[in-house]
Amino acid sequence: MLPQPPKHIVSLTPYIPGKPIEELERELGISPIIKLASNENPLGMSPKALKAAEKAIHICPRYPDGSGFVLKLALSRALNVDMTSITLGNGSNDVLELIIRTFARPGDEIIFWQYAFAAYPLLVQAANAKAVVIPAPHWQQDLEAALKAISSQTRLILLANPNNPTGTYTPEARLLKCIQKVPPEVLIVVDEAYHEYQTEGDYQTALGWIDKHPNLIVTRTFSKAYGLAGLRVGYAVSHPRVADFLNRVRQPFNVNSVAQAAAIAALEDQAFVKKSVELNQKGMQQLIEGLNALGLDFIPSVGNFLTIDFKKPAMSIYEKLLKKGVIVRPLANYGMSNHLRVSIGTMEENAVFLKALN
Ligand SMILES: *Cc1c(COP(=O)(O)O)cnc(C)c1O
């Protein structure tokens, strides 16, 4: 008999990513195919980031800078935080795993909410920690219920703001009130993967509260608005003591040279980010109008995606869209089998999606 991993690994189900374009091309033999399934940037990446990436391929015979010095310096300037408070990751998924591996012992409780990002339950289970799932009535994470659920076994709270796949967010006042009530020995992670898209007046990044709350960690990513999903770069900002622990567990070369170079250039090109956010706003408007015209319900979203409520199992609609060359995201694994999530694309892609949906 083959060696068996522990039970919590045997019962783990792999993360289901959005269907890759190439896979659907192979299956259907049709193109073009549009993918609106993984909240990627429809404009691609900054041309400056692309140039930097192409140049950096030449330094790849050498190991990357294991400390990510230049990227951390650029981030520390852009975010106005100390370099020692930054931890780099192979995407923010890597950072989230690092946080859990560093701080959670087997059996420790980790709190997150219903309809949380699908990576959370998987990361928690992989660490043999115990998931404590808090209700999110009307797609709003119940923060008070989470505070009540904190026990002596609780190590971590994972909160995405805004949340994926619902696209909802927790306003500044409520978030701060919650952070203030988290006991100092419990870490609270605010996952700000969609931070760059935020324009609501009552939204606030949690970054500025770390000084006062050393148990607070903010994670961000270059996968969404910066358009570097395939290069895998994310980071955490935390109290330097927390970052020090994370960096002890972190693999020394978890962010490769090309990714580091591209991220530095992407960070400098804020005009590209601005353009991306503006396109997202226009595309969101276009989709909302199109869905209204079709009489379809959706969850109001502040992200670069929209989750549609078909009021009946949506898998067959997902499959019909696939046959028309449009990839969106089914959400049955989130307990949302009546919903499909569509990422905001270019105006042309959005039009193709709406036509196919019709
Ligand atoms: C997309 C996403 C991430 C980013 O993942 P990366 O590993 O950085 O690509 C993190 N959190 C949430 C909630 C997301 O939707």
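Provided above is the structure to which this section pertains.
Summarised in this report is the structure supplied together with it. Computed from a predicted structure; not experimentally measured.

Quick look at helix 4 (residues 69-79) now. All of the buried residues in helix 4 are Leu71, Lys72, Leu75, Ser76 and Leu79. For helix 4, the angular spread of buried residues about the axis comes to 135°, placing them on one side. Those residues of helix 4 that are exposed and angled more than 90 degrees off the buried face are Arg77 and Ala78. Here the buried face of helix 4 lies against strand 2 (86-89), strand 7 (216-221), strand 8 (234-237), helix 9 (240-249) and helix 10 (257-268). Asn80, located one to two residues past helix 4, shows a positive phi value of around 60°.

This next bit is on the nonpolar core. Soluble globular proteins: nonpolar side chains tend toward being buried together. Counting residues in each nonpolar core, the largest one holds 56 residues, and the members touching the most others are Leu75 and Phe222. In contact with Phe222, not counting residues within four places along its chain, are Leu71, Leu75, Gly227, Leu228, Ala229, Val233, Tyr235, Ala263 and Leu267. Among the nonpolar cores identified, the runner-up in size contains 33 residues, and Ala116, Ala118, Ala129 and Leu158 belong to it.

Within the structure shown, the criterion is met by 12 salt bridges. Between Arg248 and Asp244 there is a salt bridge, with its nearest N and O atoms 2.6 Å apart. Of this pair, Arg248 and Asp244 both sit in helix 9, 4 residues apart, which is roughly one turn of that helix. Its relative accessible area of 56% is what places Arg248 among the exposed residues. Note on Asp244: relative accessible area 32%, which makes it partly exposed. Notably, a salt bridge pairs Lys311 with Asp297, separated by 2.8 Å at the nearest N-O pair. Taken together, the residues Lys311 in the loop between strand 10 (305-309) and helix 12 (315-323) and Asp297 in strand 9 (residues 297-299) connect sequence positions 14 residues apart. Members of the salt-bridge network, linked through shared partners, are Lys19, Glu23 and Glu27.

So, how was this worked out
Residues numbered from 1 in each chain as written. Predicted model: local features only at pLDDT ≥ 70, side-chain atom pairs only at ≥ 80, totals over all residues. Heavy atoms only, no water. Buried < 20%, exposed > 50% of the residue type's maximum accessible area, 1.4 Å probe, protein only. Helix = DSSP H or I, 4+ residues; strand = E, 2+ residues; numbered from the N terminus. Arc of directions from axis to C-beta. Contact = heavy atoms within 4.5 Å. Core = buried A, V, L, I, M, F, W, Y, C linked by side-chain atoms within 4.5 Å. Salt bridge = Lys/Arg side-chain N within 4 Å of Asp/Glu carboxyl O.

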